[in-house]
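Okay, here's what each chain looks like letter by letter:
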Amino acid sequence: MPVPAAPLARRKTARLVALALSTWLTTTPAWAAPEASYPLPPVSSRHESSIEKGRAFARELLASKHLPGLSVAVAHGGQVVWSEGFGYADLEQHVPVTPLTRFRVGSISKVFTAAAVARLVEEGRLDLDAPIQKYVPSFPKKQWTVTTRQLTGHVAGVRHYVDKDEVIFQQAKHFDSVARALELFQADPLLFEPGTRYAYSSYGWNLVSAVVEGASREEFLRQLHRSVLEPLGLRHTGADHPHRLIPDRTRFYAPGPSGTHLHAAHVDNSYKWAGGGLLSTAEDLVRFGSAHLQPGFLRKQTLALLFTSQKLSSGKETGVGLGWRIGVTAQGRRFFHHRGAIEGGRGLLLLFPDSQLVVALLTNMYADVVEEHAAQLAELFLAEPAPASP
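Residues numbered from 1 in each chain as written. Predicted model: local features only at pLDDT ≥ 70, side-chain atom pairs only at ≥ 80, totals over all residues. Heavy atoms only, no water.

Novice: Hey, could you go over empty space enclosed by the protein for me, with residue numbers and the actual values?
Specialist: With the rule as written, the count across this model stands at 4 cavities of 30 Å³ or more. Roughly 60 Å³ of volume is contained in the largest cavity. Lining the largest cavity are Val-178, Ala-181, Asn-206, Ser-209, Phe-220, Ser-270, Tyr-271, Lys-272, Trp-273 and Ala-274. Residue assignment for the lining of the largest cavity shows that the elements contributing at least two residues are helix H6 (178-182), helix H7 (203-216) and helix H9 (273-276). Counted by class, the lining of the largest cavity contains 6 nonpolar, 3 polar and 1 charged residues. Estimated volume of the second largest cavity: approximately 50 Å³. Taken together, Phe-139, Lys-142, Gly-157, Val-158, Arg-159, Phe-185, Gln-186, Asp-188, Pro-189 and Leu-190 make up the lining of the second largest cavity. Of the residues contributing to the lining of the second largest cavity, the split by class is 5 nonpolar, 2 polar and 3 charged. (1 Å grid on protein atoms, 1.4 Å probe; cavity = no way out; pocket = protein on both sides within 12 Å on 5 of 7 lines; lining within 4 Å. Points joined across faces, edges and corners; volume = space filled by probe spheres on them. Helix = DSSP H or I, 4+ residues; strand = E, 2+ residues; numbered from the N terminus. Nonpolar A, V, L, I, M, F, W, Y, C, P; charged D, E, K, R; others polar.)

Right under this line is the structure:
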């Protein structure tokens, strides 16, 4: 009995689809291939109780702050001991957050840039105390000299965002180079004589990225990848290019009425790659942080440079080193940290050098999640009893 034409055509189509799928699977690049199963198992039974408590903490944070999604990672002694996602990366399609989900990290980008600066200092290619015009000759001279060290400590007098910038941000204008982004503020006078006051400035980090380009003679994002991301194996960290297809990038949300969610406004973060334009995962963040707890990626004296508070001309400490903030938790634990707050994202990265613990939290909505929450999560691991002696 002859086979009807329609079923035969369907079978032929199915064979072609199967062949195409097989070809795709064999040619898919490594970055798109499935990786390890998650959540990661604990390194030892020592962490099992803390991880269970951490899961309860994360679920409570997700619910109480009405977060669409949340990613958490903890590393101890340079090893990731917990990495897990909660909630959704895409609410409409019910795509769950996993440890591979990439979030906007906002100003945590600054400490990645600080690492690129540190590498150039170690190579002898960047003098932190030289006038920035040595590396960025196009930047207008001001009434006082500005140095890279001052920029990384927010004491250079470069302004932060003001109302007139909002129109540009709303237009989601794309800047095709670091130099073009400097045009947003380079004509403005300094707010004060560098070194006399502290004033947070993301635009100051635009200028730092231009210094990195001048010192390395390489485009900023390429230099960041070559000197920081690639050596540390951070395969899920990079620029938040708005028009590119980026695997595992979350959707971005804003809070709506009564705990609901809205899509965040479209933004183009090309005006601030160095100060707030990166994507990353919580797991990449704790790997990055862990590389700063022991000499290796950076030298001992370089780490001290990053984590020693700068001082004003009055002698007062600012609590900020080269990008990194330096503080003490409510439990009296010394820690280094940075937060990120951005359209469609919130992030926290905390390093506890005395305990060799690193904690990262990332969410896909601007929300009231602060260092205290991350410190509470860290305390679940920091309060673990010491392992029994053999």
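Read on, since the account is not over.
Novice: So, the sheet that holds strand E8 (residues 278-280): which residues are in play, and what are the values?
Specialist: Pairing in this open sheet of 3 strands is antiparallel, and the strands run E4-E8-E5 from one edge to the other. A strand with exactly one partner marks an edge of an open sheet, and here the two such strands are strand E4 (103-104) and strand E5 (238-239). As judged from the 2 bridges shared by E5 and E8, these two strands associate in the antiparallel manner. By the bridge assignment, Gly-238 is partnered in E8 with Leu-279. (Pairing = 2+ DSSP bridges.)

Fair warning: the whole summary comes from geometry, so function is off the table for now.
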